[in-house]
Amino acid sequence: MYSREEARQLDRLDKLASYRKEFYLQEGTIYLDGNSLGLLSQRAERSLLEILDSWKSYGIDGWTNGHHPWFYLSEALGERMAYLVGCKPEEVVVTGSTTVNLHQLVATFYQPTAARTKILADELTFPSDIYALKSQLKLKGYDPKEHLVLVKSRDGKTIEEADLIEAMTEEIALIVLPSVLYRSGQLFDMKTLTEEAHKRGIMIGFDLCHSVGAIPHQLHDWGVDFAFWCNYKYLNGGPGCVAALYVHERHFGREPGLSGWFSSKKNKQFDMEPDLTPEEHAGAFQIGTPHILSTAPLIGSLSLFCEVGMENIRQKSLRLTEYMMALIERELANYEFMIGNPREDKRRGGHVYLEHPEAARICQALKAEGVIPDFRKPNGIRLAPVALYNTYEDVWQAVHILKEIMEKEKHKKFPNERGVVA
Ligand SMILES: *Cc1c(COP(=O)(O)O)cnc(C)c1O
C-alpha cells in the first residue's frame, strides 16, 4: 500500500488520464498550482491562434465574420459555461474580471432601504472582494465600519454556516460569499445558504473563483441571485483571462448598476442612442468592448470541460486530494504539518491546505525541487492536484519530495518570507 507502484496503478485505472497529454507540462516539474493559474492546453492555444487569425483575415469584419464572430463571443461562451454552473444559457455571460463583475453586481443588487442597509460577508473572504464591497458602501454614502458585517471564523480557517445564518438579520440587504474559501478550501452549502437568505428576504450572490471547473453547481435550481468568477484558475483560460457572471432569470430586466454600450440589446447597440435599451438577459451586465484576445483561450478550454463532464472531474479531484491527505498523514507525521481543510467531501474544494509554521520557506524549497504549490499567509501551503492534468504519481512524488525536504532540512536555507507574488 502507498507505494509508487500503487500510484501508477491508480493512474492506469483513471478514465481521465488521457487528457493530461493535451496540456503543456514542464518536464521535471510537478504543477500543483492549478487553483491559482491553470495550465495551457493545446485546445486553448489553438482557439487563441484562431482568433488572432480572424483579426489577420477580417480586420474590423471579425466582429461579425469568421468561426467565432467577436460581437457574439461573450454570449456564445456564456451559453457554454452555463453547464459548469448549472443554469440557463442566457443566465451567464463571459465579461470583465472577477472584481469588476462584483462591482457591477453589487452596484445592481445592493439597494439599501431605510431598514436594510448592511452587506453581509465573512472575514476570510478574498481581500479584493472586501475592498470592492467597502467601496460600494462608500459610494452609497455608508460607512463600511458599520455597514459591512464580516462573520468571524471560530478557528481562523473555516466559517460555520450556522454563524452565517445567524448573521442574516433584518438589517442585511445583501449577502456576498465565496463558494470555496481560498485558503482553507472550505466549500459552503450554497443551496442551504440561499434558502436561508431568501426566507429572510435577503439577496445572495457567490464568488465561484475556487469552485468553477472543480465542482458542479446548480445555481439556477438553488435560486442563487447572482454569481461571478474568474476563468484562469481551474478553467485554464490563461493569465488575466476574461471572467464571467451569472444572474438568475427572475432578475432579467433589472437595470445594470454600471451601464455601458455593451449592456445594450445587440440590435440596438449601433443605433447609438443616448438612452440605453438594456439586453434582457445576463448580457445586460456587460459594460464595454470585450477583451477578445483574453477571451479566446476559453473557447478551446471549455470544450474540454464539456467533453469530460463536471461529475467526472469532481470525482477524480476528490480522489486525488483524498490520496494526498492520506499520504501526508502517513509520510509527514513527524514534521508538525496540519491538514487545515475540512475533511468531508461535501465540505471541501479542489485543493489541500497544509499548515506549517515554516510554510513560506517550505514552499520555496518545494519550488527549488520542482514542485509548484503556493503559499498563503500566515502559514498555509496550497496543493491542488488538478483532475485534467495531474496524476496520482504526481501526488506520490510531491509528498515524497516534501518528506525529503523535511528530513534533510532543505527548507532552512530559504528565508521564511513570502515572495512578491506568493
Ligand atoms: C482569484 C480570486 C479573485 C481574483 O479577482 P480578479 O479580479 O480576477 O483579480 C477574486 N476572488 C477570489 C475568491 C479569488 O479566488
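Residues numbered from 1 in each chain as written. Predicted model: local features only at pLDDT ≥ 70, side-chain atom pairs only at ≥ 80, totals over all residues. Heavy atoms only, no water.

- Going by an unreviewed UniProt entry, the protein carries the name Kynureninase and comes from Anoxybacteroides rupiense.
- Quoted verbatim from the Sequence similarities (unreviewed entry) field of the UniProt record, the comment on the protein reads "Belongs to the kynureninase family." (UniProt positions renumbered as here; feature names shortened; annotations may be inferred.)

Focus on the overall build of the protein
Thinking step 1. When helices and strands are counted, the protein shows 14 helices and 13 strands.
Thinking step 2. Its C-alpha atoms give the protein a radius of gyration of 22 Å, within 12% of the compact-globule value 22 Å for 422 residues.
Thinking step 3. When its C-alpha atoms are laid out on the principal axes, the protein stretches across 70 × 55 × 35 Å.
Thinking step 4. A buried classification covers 56% of the 422 residues belonging to the protein.
Thinking step 5. Expressed as a percentage of contacts within the protein between residues at least 6 apart in sequence, the contacts between residues at least 24 apart total 73%.
Thinking step 6. About 18,100 Å² of surface is accessible on the protein, with carbon and sulfur atoms providing 52% of the total.
Thinking step 7. Charged side chains of the protein number 49 positive and 58 negative; the gap between the two group centres comes to 4 Å. (Helix = DSSP H or I, 4+ residues; strand = E, 2+ residues; numbered from the N terminus. Rg over C-alpha atoms; globule rule 2.2 N^0.38 Å. Buried < 20%, exposed > 50% of the residue type's maximum accessible area, 1.4 Å probe, protein only. Contact = heavy atoms within 4.5 Å. Areas by Shrake-Rupley, 256 points an atom, 1.4 Å probe, with all protein chains shown as cover. Lys, Arg positive; Asp, Glu negative; His and termini not counted. Charge placed at Lys NZ, Arg CZ, Asp CG, Glu CD.)

Looking at the environment of A121
Thinking step 1. You can see A121 is positioned in strand β3 (residues 118–122).
Thinking step 2. Residues A121 and E336, 215 residues apart in the sequence, show an inter-C-alpha distance of 32 Å.
Thinking step 3. Among residues more than four places away in sequence, those in contact with A121 are L133, L148, V149, L150, V151, V176 and L177.

Concerning the domain arrangement of the protein
Thinking step 1. In terms of domains, the protein is made up of domain 1 (4–31 + 309–413) and domain 2 (46–307).
Thinking step 2. For domain 1 and domain 2, the distance between their C-alpha centroids amounts to 29 Å.
Thinking step 3. Of the residues lining the interface, 28 residues belong to domain 1; the matching set on domain 2 comes to 23 residues.
Thinking step 4. Approximately 2,200 Å² of surface area, both sides summed, lies buried where domain 1 meets domain 2, with 57% of it carried by carbon and sulfur atoms.
Thinking step 5. Considering only the side of domain 1, the residues that lose the most area to domain 2 are M310, R347 and H351, jointly responsible for 26% of the buried surface there.
Thinking step 6. At the boundary of domain 1 and domain 2, one finds one salt bridge.
Thinking step 7. Elements that contribute at least two residues to the side of domain 1 that touches domain 2 include exactly α12 (310–331) and β10 (352–355). (Domains from an automatic or database assignment. Buried area = accessible area lost by both parts, 1.4 Å probe. Salt bridge = Lys/Arg side-chain N within 4 Å of Asp/Glu carboxyl O.)

Notes on the nonpolar core
Thinking step 1. Of all hydrophobic cores here, the largest spans 67 residues; its most connected members are M81, V92, I175, L193, L208, W229 and L388.
Thinking step 2. Per element, the largest residue contribution to this core is eight residues, and it comes from helix α11 (residues 292–308).
Thinking step 3. Two domains each provide a minimum of three residues to this core, namely domain 1 (4–31 + 309–413) and domain 2 (46–307).
Thinking step 4. In this structure, L327, L332, A365 and V395 belong to the second largest nonpolar core, which totals 34 residues. (Core = buried A, V, L, I, M, F, W, Y, C linked by side-chain atoms within 4.5 Å.)

Considerations on the packing of aromatic side chains
Thinking step 1. Taken as a whole and judged by the stated rule, the model has 13 aromatic pairs.
Thinking step 2. Here F23 and Y389 contribute two aromatic rings whose centre-to-centre distance is 4.9 Å and whose plane-to-plane angle is 55°, an arrangement assigned as tilted. Here F23, found in the loop between α1 (4–13) and β1 (30–31), pairs with Y389, found in the loop between β13 (380–383) and α14 (392–408); they are 366 residues apart in sequence, far enough to count as distant. Summarising the burial analysis for this pair, F23 and Y389 share the class buried.
Thinking step 3. One aromatic cluster is present, formed by F71, Y72, W261, F262 and F270 through successive ring pairs.
Thinking step 4. One Lys or Arg, K266, reaches over the ring of F71 and ends 4.5 Å from the middle of that ring. (Phe/Tyr/Trp six-rings, centres within 6.5 Å; stacked < 30°, edge-to-face > 60°. Lys NZ or Arg CZ within 6 Å of the ring centre and 35° of its normal.)

Considerations on the packing of helix α2 (residues 42–58) against α11
Thinking step 1. Orientation of α2 relative to α11, taken along the N-to-C sense of each, is 140°, at an axis distance of 7 Å. For the element pair α2 / α11, the angle class is oblique. The handedness of the crossing between α2 and α11 is right-handed. Each of R43, A44, S47, L48, I51 and L52 in α2 lies in contact with α11, whose residues at this interface are I292, L293, A296, P297, I299, G300, S301, S303, L304 and E307.
Thinking step 2. Of the residues belonging to the contact of α2 with α11, the class tally is ten nonpolar, four polar and two charged. (Axes fitted to C-alpha atoms, helices over the stretch in contact; angles between N-to-C directions. Parallel < 35°, antiparallel > 145°, perpendicular 65-115°, else oblique. Left-handed = near helix turned anticlockwise from the far one by under 90°. Nonpolar A, V, L, I, M, F, W, Y, C, P; charged D, E, K, R; others polar.)

What about unusual backbone geometry?
Thinking step 1. Omega for the bond connecting K377 with P378 falls within 30 degrees of zero, at 0°, which places this linkage in the cis form.
Thinking step 2. Take P378: it is sitting in the loop between β12 (374–376) and β13.
Thinking step 3. A positive phi is found at M272, a non-glycine position, where the angle reads about 55°.
Thinking step 4. The exposure class of M272 is exposed, given its relative accessible area of 52%.
Thinking step 5. Positive phi is not limited to glycine here, since E336 has a value of about 65°.
Thinking step 6. Within the secondary structure layout, E336 lies in the loop between α12 and β9 (338–339).

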